[in-house]
Amino acid sequence: MGGTVLVTGGAGYVGAHGCKALSQAGYLPVVYDNFVHGHEEAVRWGPLERGDTADRARLDEVFERHRPVAVMHFAAFTAVGESVADPGKYYRNNVGGTLALLETMAAHKVRRFVFSSTAATYGLPDQVPITEDQPTRPINPYGHSKQMVEQMLLDFEAAHGISSAMMRYFNAAGASPDGDIGEDHDPETHLIPLALDAVTGRRPALTLFGDDYPTPDGTCVRDYIHVGDLADAHVLALDYLAAGGATRAFNLGTGTGVSVREILESVRRVTGHEVPHVVGPRRAGDPPVLVADPSRARAELGWSPRLSDIDTIVATAWAWHQRRGNG
């Protein structure tokens, strides 16, 4: 297809990988980022426009200048705990900012939208693996904010003809295999980088939040998907929309669960070092098992993860951590 794609949050972890995948597929990604969490050095595959998604006047300028054929929307606040403590911040940014973006798209007649959603929309699932047809019952404001946007997308399709692919991520992880972009959050809340930091002594011992879950080894089980595979799925979603696809949700996971202790064992295999850790109490609202059924994305997008076995994920993250540690 080709053309210019506006990428909100394109200076962030997943967004930067999305820009790289777009460039490799023949698109020109234009990054739109306010740099609350993004990194300017991650903007490498197209122009940069600084701005906030809530700023309609700035969005109008950028749409007029670049005339995108589609939008990939990664910009969001994503920390579950913070969303509980400060829900207004999440509704204002994640919902309000997306509303301004969709209104700008409607005004400029841009009709294709790929949305960075989340498995947090499911809340505590009725069954595992989770299909897209299961009820969405979020249990925190972050999940609610994404669910609200998904409803807005259905409404904007009906009113304005904007078709959307709602990409429900499970656990994004890993780094670009060539080492040029990786995970660098502040504060860091994700298991694999925290485990690697514990190995290097950059952080204290890792805390395992509960070891008494009804799982084979007592720790939570999650579905880890390599960030590069996520990025590939977004490009395929653009192709789906360009071919006339209607607004649709897609689970992005592998269908295979990995426990916290299995992650620690993978880190030991990859790095050659045990992960210093302690066991703490469970976190409220942590389901024992969250695993995707990715059949729809495989069938309708033609998507198949290439990098998402757990040792590959950890190895790419470890290479990135070593490079980052050396400046």
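Owing to the predicted nature of the structure, the values given are computational and were not obtained by experimental measurement.

Novice: Can you break down the pairing of strand 1 (residues 3–8) residue by residue, with the values?
Specialist: Within strand 1, 5 of the 6 residues are buried, leaving the element largely enclosed by the surrounding structure. For the segment spanning strand 1, helix 1 (residues 13–24) and strand 2 (residues 27–33), crossover handedness is right-handed. Note: strand 1 against strand 4 (residues 70–73), 4 bridges, orientation parallel. In the sheet register, Val-5 faces strand 4, and the bridge partner there is Ala-70.

Novice: Describe helix 6 (residues 191–200), and please don't skip the residues or the numbers.
Specialist: Taken across its 10 residues, helix 6 has 9 buried, putting it largely inside the fold. Within the span of helix 6, buried status applies to Leu-191, Ile-192, Pro-193, Leu-194, Ala-195, Leu-196, Asp-197, Ala-198 and Val-199. Following helix 6 by one or two positions, Gly-201 adopts a phi angle in the positive range, close to 85°.

Novice: Help me get a handle on the sheet that holds strand 4, residues and values and all.
Specialist: In space, the 7 strands of this open sheet follow the order 3-2-1-4-5-6-11, with parallel pairing throughout. Two strands bound the open sheet, and with one partner strand each, they are strand 3 (48–50) and strand 11 (248–252). Pairs of neighbouring strands in the sheet enclose a mean axial angle of 20°, with direction left out of account. In this sheet, strand 2 lies alongside strand 1 in parallel orientation, the contact comprising 6 bridges.

Novice: Outline the packing of aromatic side chains, supporting the account with residue identities and numerical values.
Specialist: A complete count under the given rule lists 3 aromatic pairs for this structure. Arranged with centres 6.3 Å apart and planes meeting at 15°, the rings of Phe-113 and Phe-115 form a pair that is stacked. Under the relative-accessibility criterion, Phe-113 is labelled buried at 0%. Arg-282 extends its terminal NZ or CZ atom over the ring of Tyr-213, reaching a point 4.0 Å from the ring centre.

Novice: Please give an account of the environment of Arg-296 that cites residues and values.
Specialist: Locating Arg-296 in the fold gives a position in helix 9 (residues 295–301). Here Arg-296 falls in the buried class, since its relative accessible area comes to 13%. Note: C-alpha distance between Arg-296 and Asn-251 (45 residues apart in sequence) is 7.4 Å. Only 2.8 Å separates the side chain of Arg-296 from the backbone oxygen of Ala-249, close enough to count as a polar contact.

Novice: Which residues make up the pattern of salt bridges, and what values go with them?
Specialist: Applying the stated rule across the entire model yields 23 salt bridges. One salt bridge connects Asp-60 with Arg-56, and the closest N-O pair in it is separated by 3.8 Å. Of this pair, Asp-60 and Arg-56 both sit in helix 2 (residues 56–66), 4 residues apart, roughly one helical turn. Close ionic contact of Glu-265 with Arg-269 constitutes a salt bridge, the shortest N to O distance being 4.0 Å. Highlighted residues: Glu-265 and Arg-269, both in helix 8 (residues 260–271), separated by 4 residues, approximately one helical turn. Among the charged side chains, a salt-bridge network with shared partners connects Glu-49, Arg-58, Glu-61 and Arg-65.

Novice: For the sheet that holds strand 12 (residues 258–259), give the residues involved together with the corresponding values.
Specialist: With respect to topology, 3 strands assemble into an open sheet ordered 12-9-14, the strand pairing being mixed. Where the open sheet ends on each side, the last strands, each with one partner, are strand 12 and strand 14 (289–290). In the sheet, strand 9 (residues 221–222) pairs with strand 14 via 2 bridges, with the strands oriented parallel. Note on strand 14: the bridge partner recorded for Val-221 is Val-289.

Novice: Account for the packing of helix 4 (residues 87–107) against helix 5 (residues 141–160), naming residues and giving values.
Specialist: Interaxial distance between helix 4 and helix 5 falls to 9 Å at its minimum, and their mutual angle equals 15°. In terms of orientation, helix 4 lies roughly parallel with respect to helix 5. Every pair of crossing elements has a handedness; the one defined by helix 4 and helix 5 is right-handed. Of the residues in helix 5, those in contact with Pro-87, Tyr-90, Tyr-91, Asn-94, Val-95, Thr-98, Leu-99, Leu-102, Glu-103 and Ala-106 of helix 4 are Pro-141, Tyr-142, His-144, Ser-145, Met-148, Val-149, Met-152, Leu-153, Phe-156 and His-160.

Cut-offs used in this document
Residues numbered from 1 in each chain as written. Predicted model: local features only at pLDDT ≥ 70, side-chain atom pairs only at ≥ 80, totals over all residues. Heavy atoms only, no water. Buried < 20%, exposed > 50% of the residue type's maximum accessible area, 1.4 Å probe, protein only. Helix = DSSP H or I, 4+ residues; strand = E, 2+ residues; numbered from the N terminus. Right-handed = clockwise from strand over helix to strand, strands pointing away. Pairing = 2+ DSSP bridges. Axes fitted to C-alpha atoms, helices over the stretch in contact; angles between N-to-C directions. Phe/Tyr/Trp six-rings, centres within 6.5 Å; stacked < 30°, edge-to-face > 60°. Lys NZ or Arg CZ within 6 Å of the ring centre and 35° of its normal. Polar contact = N/O pair within 3.5 Å; in protein donor to acceptor, adjacent residues only side chain to side chain. Salt bridge = Lys/Arg side-chain N within 4 Å of Asp/Glu carboxyl O. Parallel < 35°, antiparallel > 145°, perpendicular 65-115°, else oblique. Left-handed = near helix turned anticlockwise from the far one by under 90°. Contact = heavy atoms within 4.5 Å.

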